Amino acid sequence: MFEPKKVMIIDDSKLIRMTVRKILESQGIEVVELEVAEPLLAEPWRAEDVDLLILDINLPGIDGLSALQQMQCNDVLKCLPVMILSTYSDRPTVCKAIEYGAVEFMTKPVISENLINRVEGLIGPLHDGVSDCIHNEMSRAKRGGTYLSIISISMGKSLSICALREIQKQLKGMLRCIDSVLISQDRALIVVLPLTGQAGCMVVNRKISLALE
């Protein structure tokens, strides 16, 4: 079952927090805001159900890089993916952020499409159309008394969402126009084959296996 994502943003600019919240909430993401990093460092439990932290560098009190460095000393916080969102883009700052554990670096101003792509690349698909697609195809097959086959392909979480999309595109090019290739929340590829029985499914499965090899 698809579970909505949760993102925390730490930025002292109310405008930036509001902008990020508006963009991410439009994608069904829950957003938690902090103006400074101290509450998170003092109470790491705040991050237990957070999928991603978006962190500014120029913060009052403990700056973002120092906060990032301190997070590596906490068992909960060091496992939290961090994307730096900053006006700074010089190489030393970027290198230091990566050295301290950041997994992504994005410069301001915030551009909606760019932010969504970066966040999705880090925490996976923001919407799960798999359940709806399967439900619709099952209902259609039941009404028409036709076969329906579904193939699930586990790709491993090490692949980026961009790589998965490229594989998705290539597989879709191999199949019929009525077939669907979807990416699930856990980064599996789901191939939906209407009007396809067991024999046809086995043929497609072998075709896909050869292509992936």
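Parameters at a glance
- Residues numbered from 1 in each chain as written.
- Predicted model: local features only at pLDDT ≥ 70, side-chain atom pairs only at ≥ 80, totals over all residues.
- Heavy atoms only, no water.
- Helix = DSSP H or I, 4+ residues; strand = E, 2+ residues; numbered from the N terminus.
- Buried < 20%, exposed > 50% of the residue type's maximum accessible area, 1.4 Å probe, protein only.
- Contact = heavy atoms within 4.5 Å.
- Areas by Shrake-Rupley, 256 points an atom, 1.4 Å probe, with all protein chains shown as cover.
- Lys, Arg positive; Asp, Glu negative; His and termini not counted.
- Charge placed at Lys NZ, Arg CZ, Asp CG, Glu CD.
- Pairing = 2+ DSSP bridges.
- Axes fitted to C-alpha atoms, helices over the stretch in contact; angles between N-to-C directions.
- Disulfide = S-S within 2.5 Å.
- Expected span 1.5 Å × (residues − 1).
- Arc of directions from axis to C-beta.
- Salt bridge = Lys/Arg side-chain N within 4 Å of Asp/Glu carboxyl O.

Examining the overall build of the protein
Each helix and strand in the protein was counted, giving 8 helices and 8 strands. Overall size of the protein, expressed as C-alpha extent along the three principal axes, is 65 × 35 × 30 Å. Put simply, the protein has 213 residues, and 42% of those count as buried. Sequence-distant contacts in the protein: of pairs separated by 6 or more residues, those separated by 24 or more amount to 63%. Summed over all atoms, the accessible surface of the protein reaches about 11800 Å², with 53% contributed by carbon and sulfur. Between the averaged position of the 23 positive side-chain charges in the protein and that of its 27 negative side-chain charges there is a distance of 8 Å.

As for the sheet that holds strand S6 (residues 148–154)
The pairing of strands in a sheet happens through backbone hydrogen bonds and is either parallel or antiparallel. Read from one edge to the other, the open sheet built from 3 strands follows the order S6-S8-S7, with strand pairing classed as antiparallel. Across the chains shown, the open sheet's two edge strands, defined by having one partner strand only, are S6 and strand S7 (180–183). Going from strand to strand, the sheet's axes swing by 20° on average, the running direction of each strand aside. As defined by bridge partners, S6 adjoins strand S8 (residues 188–194) across 7 bridges and the pair is classed as antiparallel. Along S8, the bridge assignment pairs Ile153 with Leu189. Sheet strands touched by helix H6 (residues 130–144): S6, S7 and S8. Its angle to S8, the strand with the most contacts, is close to 20°. Sheet strands in contact with helix H8 (residues 198–212) are S6 and S8, and its direction is about 25° off that of S6.

Side note on the state of the cysteines
With the rule as written, the count across this model stands at 0 disulfides. Unpaired in this structure, Cys79 has its nearest cysteine sulfur neighbour in Cys73, at a distance of 13 Å. Accessibility expressed as a relative area gives 61% for Cys79, which makes it exposed. Cysteine Cys201 is unpaired, with the sulfur of Cys133 as its nearest cysteine sulfur at 15 Å.

Some words on helix H1 (residues 14–25)
Over its 12 residues, H1 runs 16 Å from end to end, which matches the ideal 16 Å to within 8%, given 1.5 Å per residue. Three or more residues of H1 are buried, namely Ile16, Arg17, Val20, Ile23 and Leu24. Around the axis of H1, the buried residues are gathered within 135° of arc, so they sit on the same side. Facing away from the buried side of H1 by more than 90 degrees, the exposed set consists of Lys14, Leu15 and Lys22. In this structure, the buried residues of H1 make contact with strand S1 (6–10), strand S2 (30–34), strand S3 (52–55), strand S4 (82–86) and helix H5 (112–123).

Side note on the pattern of salt bridges
In this structure the tally under the stated criterion is 14 salt bridges. Note that Asp75 and Lys78 form a salt bridge whose closest N and O atoms lie 3.6 Å from each other. Through salt bridges with shared partners, a single network forms among Arg17, Arg21, Glu25, Glu33 and Glu35.

Side note on the sheet that holds S4
Read from one edge of the open sheet, 5 strands run S2-S1-S3-S4-S5, paired in parallel fashion. Because the sheet does not close on itself, it has two edges, and the strands there are S2 and strand S5 (104–107). Direction aside, neighbouring strands of the sheet carry axes that sit 20° apart on average. One ladder, built from 4 bridges, connects S1 with S3; its direction is parallel. By the bridge assignment, Ile10 is partnered in S3 with Leu55. Contacting S1, S2, S3 and S4, H1 crosses the sheet at an angle of about 170° to S2.

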